[in-house]
Amino acid sequence: MRKSFLLLALALLPVACARNKEPELNIIPLPLGIEYVEGRCDLGDGVIVGTSDSLLLPAVAYLERSLKIDDISTDGTMPVTLSIDNSRPGQGYRLSVRPSGIEISGGSYEGVVSAISTLRQILWDNKRNIPAMVIEDSPRFAWRGVMLDVSRHFFTVGEVTSLIDEMALYKLNRLHLHLTDDQGWRLEIKSYPELTGRGAWRAMNRWDSTCVRIAGETKDPRYALPEDRISNGLYGGFYTQEEMRGIIRYAKERGVEIVPEIDMPGHSLAVLQSYPQLSCDGKGGAWGKNFSTPLCLGNDEVLSFCKSVLGEVFALFPSVYVHIGGDEVERAAWEYCPKCAERVRRNGLGGAENLQAWFTREMEKYCRENGKVVVGWDEIASDGLSEESVVMWWRNWSPSSLKTALEEGHPVVMSPSEYYYLADEQDKNTLAKVYEYEPGSEISLPYSGKAIGIQGNLWSEKAATVERVGERMFPRLFAIAESAWTQPEKKDFDGFVSRLPLHLRKLDEAGWSYRFPDVGGVYDRNVITGETTVTLEVPENAVLHYTLDGTVPELSSPVYEAPLVIKDSCELRLRCYNSRGVPGDLRKVVFLRREYLPAIQSEPVLSDGLLARWYDFAGSSCEDIDKAPLNDSFVCRNICIPDNVSGNIGLVFDGYIHLPSDGVYAFYTYSDDGSGLWIDGDLVVDNDGLHSREEKTGSIALRKGLHKFLLRYFDSNGGILEAGMTDDEGRHIPFSEEMLKH
């Protein structure tokens, strides 16, 4: 009897273990808590979606359309009920999945939509049969934003609404539209028709020319200017007010709020060229030393213009927030303008440098009188605004502007350019850099409650097409979404990466491009000493085309299907394509057939570390660093920016490296801005030029012993420098102190 009982218990054990094991859910952003319960919910016969709250009828319609996209019938019998529970956090929700049906309750309409997004992602993983569970969830930040610059390059209504679809899926709830700038005015203003009649159109500018050139040189249609945005030889486009109302309605149904930006008083060339009388010289403005000339703040007509424009914006956009820019204002024109001088005198401002703060306060007053809250870039932090006005901190090299905003009591949206600007070039480290950035680390405890959110910004100078926008945004926007929603103690980069493949496939199905991970198996520069077989690691969902003669690979080029045999020096070019034939970035890989470089035969008497020289360098090329004045010299035991080095930085690390055996050694630099690494006078890693954080790699064949070592690096705006060696799988290996000598 005892034996029979034991056998029965053993037989039941796997069942019990399987029941208690939590299935893996590939949800982004990661929910606050998931409790699994007994059973599964079978949606094979379809669902019936309902609510007793008329306010949720748009959410019912949104869920029904979404389920059809996910191949779930909405003419079935399994009940899915939606409700609002005012006891929940405003943007939080509860999702209960039982064998008998699904219940969604949110603290607000937005909370219900967030629950719908979670349910959709669960269905992606489990099709029509999903495990029973209860998810209690709420966001870390109330403001989870995306900014799309539609001025530098214009995007259609359909492209904008497609982005809103993706935002809703990942619980991003603020779409900040950068509607005006020097390069174009994109919103119909009925009281000033020339803003779109003239200001929405332009002759080809330098960024357009750059995009066209890159499109031709690299055979990359993502850079080409769309033909539907060119009329009579001019580039442009704009949204009518009726079109914008449609975008707003579309976003509202999906729990997304549209925040308009009308940039003032700078970034206003499109205004001044449409209405020249609003400029200080009456001629329409021009480019100053660094930025465009601003609106004439001594001209009463300018104030009337700004208030009239904002009045139409207030009537059009339901959002309580109105962004007025306020960044990068070239103030020189005000210094020589009689009207501005009179404004300064009449208002006791003390000087033209105080005009912008006065103007911003005037606009804030007008906004508040109309029930709106001003949002501005961090340049407005010291303008003496009311505490309710919101500051977007973007200049990560200016922590004082964040400190000022917090001390003045402003709510702050964290948008540091180093981490949350999405227009910069990317490498294999970029996604981790964005994900692992902790916005709370910038804010001291007394002010922690003032951080109301985070936002990723897509400036479109080099993104003329939605395909280019997608490659810039994704998957970094997923990382921002998780940082915005999920509590930091629950975040884990490896776990995030393991959840990504499903979401990237869904992006592709939705017609969005994204940045493929780097092709593995090669360095940027590869030294071979004989015939070598190269096995490449192709990203999931990608088709890799290549050439070996230095030409640009196209869809007609060979597809990588088996290892390549490299016998001599050559240039391998690689490009991944997605399922729709849209190309990814072009990668150039160099193979050099070389002999082993001999070690120094007569080794000098050396000390540990490298000799470092710091130059006051403000240039753009590593080779020019030591032409600048020398600030200091010292010994460094590792490669880094020393604590005592700041401002204009040009560093030269000079000495020797000791290698334990003959071999082909691989090195890397990871820097913002430029860097280069030489061994025995041979440039192994070329990471030169002005750029954001970027990693470059290279290899060289070296005999055992001592070799000359040189590393150059420059930056003038708070950069980063790392260097070391890499193994065959691309993992970083730091230089040991015993290796570096001088």
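Treat the numbers as computed from the prediction; the structure is a model and nothing was measured.

Q: I keep staring at the overall build of the chain and nothing clicks. Help me out?
A: Regarding its fold elements, the chain presents 18 helices and 36 strands. The C-alpha radius of gyration computed for the chain amounts to 29 Å, which stays within 12% of the reference 27 Å derived for 742 residues, consistent with globular compactness. Over its C-alpha atoms, taken along the principal directions, the chain stretches across nearly 105 × 85 × 55 Å. Restricting to contacts in the chain with at least 6 residues of sequence separation, those with at least 24 account for 72%.

Q: Explain the sheet that holds strand S1 (residues 33–42) to me, please; I cannot follow it from the model alone.
A: Strand pairing in a sheet is mediated by backbone hydrogen bonds. Such pairs are either parallel or antiparallel. If you trace the six strands from one edge of the open sheet to the other, you get S1-S6-S4-S5-S3-S2, paired in mixed fashion. Either end of the sheet is taken by a strand with one partner, and the two such strands are S1 and strand S2 (47–51). On average, each strand axis in the sheet is tilted by 20 degrees relative to the strand beside it, whichever way the strands run. As paired strands, strand S3 (residues 78–84) and strand S5 (residues 101–106) are joined by five bridges and run parallel to one another. When the sheet's bridge partners are listed, Ile84 is paired in S5 with Gly106. Across the sheet, helix H3 (residues 109–126) lies against S1, S3, strand S4 (93–98), S5 and strand S6 (129–137), angled at about 150 degrees from S6, the strand it touches most.

Q: Got a minute to help me understand empty space enclosed by the protein in this structure?
A: The method is simple in principle: a probe with the dimensions of a water molecule rolls over the atoms, and the space it marks as empty is what remains. Under the definition given, this model contains five cavities of 30 Å³ or more. The wall of the largest cavity is formed by Arg222, Glu467, Glu471, Asp508, Trp512, Ser513, Tyr514, Phe516, Asn578, Val582, Pro583 and Gly584. Split by residue class, the lining of the largest cavity holds five nonpolar, three polar and four charged. Put simply, the second largest cavity is a space of about 50 Å³. The wall of the second largest cavity is formed by Glu110, Val113, Ser114, Ser117, Arg144, Met167, Ala168, Lys171, Leu172, Asn173, Arg254 and Gly255. Looking at the lining of the second largest cavity, the elements that each hand over two or more residues are H3 and helix H4 (157–169). Broken down by element, the residue count for the lining of the second largest cavity peaks at four residues, all from H3. Taken together, the residues that form the lining of the second largest cavity break down as four nonpolar, four polar and four charged.

Q: Sorry, what's going on with the state of the cysteines here?
A: Here a disulfide denotes a covalent bond joining the sulfur atom of one cysteine to the sulfur atom of another. The final tally for this structure, using the stated rule, is zero disulfides. Take Cys576: it sits in no disulfide, and the sulfur closest to it among the cysteines is that of Cys570, at 18 Å. Left without a disulfide partner, Cys622 is nearest to the cysteine sulfur of Cys636, which lies 16 Å away.

Q: When you look at the pattern of salt bridges in this model, what are you seeing that I'm missing?
A: Pairs can form between side chains of opposite charge whenever their charged atoms are close. As enumerated under the stated definition, the model contains 58 salt bridges in all. A salt bridge links Arg575 to Asp220, with the nearest nitrogen and oxygen atoms 3.8 Å apart. Taken as a pair, Arg575 in strand S24 (residues 570–577) and Asp220 in the loop between helix H6 (206–218) and strand S12 (230–231) lie far apart in primary sequence, 355 residues in all. When its relative accessible area of 2% is taken as the criterion, Asp220 is described as buried. Ionic pairing is found between Arg613 and Asp654, a salt bridge with its closest N-O pair at 3.9 Å. On the criterion of sequence distance, the pair formed by Arg613 in strand S26 (residues 610–615) and Asp654 in strand S28 (residues 649–659) is long-range, its members being 41 residues apart. Judged by relative accessible area, Asp654 falls into the partly exposed class, the value being 22%. Through salt bridges with shared partners, a single network forms among Asp220, Arg222, Glu425, Arg468, Glu471, Arg472, Arg575 and Asp585.

Q: So what exactly am I meant to see when it comes to the packing of helix H17 (residues 476–485) against helix H18 (residues 493–509) here?
A: Each pair of packed helices gets described by two things: the angle between the helix axes and the distance between those axes. Direction vectors running N to C along H17 and H18 enclose 125 degrees, while the axes themselves pass 11 Å from each other. If you check the angle between H17 and H18, you find them oblique. The hand of the H17/H18 crossing is right-handed. Along its contact with H17, which presents Phe478, Ala479 and Glu482, the element H18 presents Phe496, Arg499, Leu500, His503, Leu504 and Leu507.

Q: Can you walk me through the environment of Asn26 in this structure?
A: Within the secondary structure, Asn26 is located in the loop between helix H1 (2–20) and S1. A sequence separation of 32 residues divides Asn26 from Pro58, and the C-alpha atoms of the two residues are 27 Å apart. Ignoring anything within four residues of it in the chain, the contact list for Asn26 reads Gln121, Asp125, Ser498, Arg499, Leu502 and His503. Within polar-contact distance, the side chain of Asn26 engages the side chain of Asp125 at 2.9 Å.

Q: Even after reading the chapter, I still don't get the sheet that holds strand S13 (residues 234–236), so can you show me in this structure?
A: Within the open sheet, the three strands sit side by side as S11-S13-S12. Their pairing is antiparallel. The sheet terminates laterally at strand S11 (201–202) and S12, the two strands that pair on one side only. Pairing between S12 and S13: two bridges, direction antiparallel. Counted as the bridge partner of Ile230 is Tyr235 from S13.

Q: Looking at this model, I keep getting lost on the packing of aromatic side chains. Mind explaining?
A: Two aromatic rings are characterised by how far apart their centres lie and by the angle between their planes. One pass over the full model with this rule turns up 23 aromatic pairs. Aromatic side chains Tyr192 and Tyr275 sit 5.3 Å apart centroid to centroid with 90 degrees between the ring planes, which places their arrangement in the edge-to-face category. With Tyr192 in the loop between strand S10 (184–185) and helix H5 (194–197) and Tyr275 in the loop between helix H8 (269–274) and helix H9 (300–316), this residue pair connects regions lying 83 residues apart in the sequence. Geometrically, the ring pair formed by Tyr420 and Tyr437 is edge-to-face, given 5.5 Å between the ring centres and 85 degrees between the ring planes. With Tyr420 in helix H14 (residues 417–420) and Tyr437 in the loop between helix H15 (430–436) and strand S19 (451–458), this pair connects stretches of sequence that are 17 residues apart. The same class applies to Tyr420 as to Tyr437, namely buried. Over the ring of Trp143 we find Arg174; its NZ or CZ atom is 5.4 Å from the centre of that ring. The residue whose ring lies beneath Lys433 is Tyr419, and the NZ or CZ to ring-centre distance is 5.9 Å.

Each value, and the rule that gives it
- Along every chain, residues carry numbers that run from 1 in the direction the sequence is written.
- Thresholds applied to this predicted model are a pLDDT of at least 70 for local features of residues and 80 or more for the giving and counting of side-chain atom pairs; totals over whole chains, interfaces and linings are not thresholded and use all residues.
- Each side-chain value is worked out from all heavy atoms of the structure, with water and hydrogens disregarded.
- Numbering of helices and strands starts at the N terminus; helices are DSSP runs of H or I of at least 4 residues and strands are runs of E of at least 2.
- As defined in this context, the radius of gyration uses C-alpha atoms, and a globule is described by 2.2 Å times the residue total to the power 0.38.
- Any two residues having at least one pair of non-hydrogen atoms within 4.5 Å are treated as being in contact.
- We call two strands paired when DSSP finds no fewer than two bridges between them.
- To define axes, lines are fitted to C-alpha atoms, for helices over the stretch in contact only, and angles between the resulting N-to-C directions are given on a 0 to 180 degree scale.
- Cavity means a closed set of points on a 1 Å grid over the protein atoms alone, one where a 1.4 Å probe fits but cannot get out, pocket means an open set with protein on both sides within 12 Å along at least 5 of 7 lines, and lining means a residue has an atom within 4 Å of a point.
- Grid points are joined across faces, edges and corners, and a volume is the space filled by probe spheres set on the points.
- Amino acid classes used here: Ala, Val, Leu, Ile, Met, Phe, Trp, Tyr, Cys and Pro are nonpolar; Asp, Glu, Lys and Arg are charged; the rest, including Gly, are polar.
- Cysteine sulfur atoms are paired as a disulfide whenever they come within 2.5 Å of each other.
- A pairing counts as a salt bridge when a side-chain nitrogen of Lys or Arg comes within 4 Å of a carboxyl oxygen of Asp or Glu.
- Accessible area is worked out with a 1.4 Å probe on protein chains only. A residue is then buried under 20% of its type maximum, exposed over 50%, and partly exposed in between.
- Reported orientations rely on four angle classes, namely roughly parallel under 35 degrees, roughly antiparallel over 145, roughly perpendicular from 65 to 115, and oblique for the rest.
- Left-handed describes a crossing in which the near helix is turned anticlockwise from the far one by less than a right angle; the clockwise case is right-handed.
- Under this definition, polar contacts are N or O atom pairs within 3.5 Å; protein pairs additionally need one hydrogen-donor-capable and one acceptor-capable atom, and for neighbouring residues in sequence, both atoms have to be side-chain atoms.
- Stacked, tilted and edge-to-face are the three classes applied to pairs of Phe, Tyr and Trp rings, where Trp contributes its six-membered ring and a pair requires centres within 6.5 Å; stacked means planes under 30 degrees apart, edge-to-face means over 60, and tilted covers the rest.
- We count a charge as sitting over a ring when the NZ of a lysine or the CZ of an arginine lies within 6 Å of the ring centre and within 35 degrees of the ring normal.

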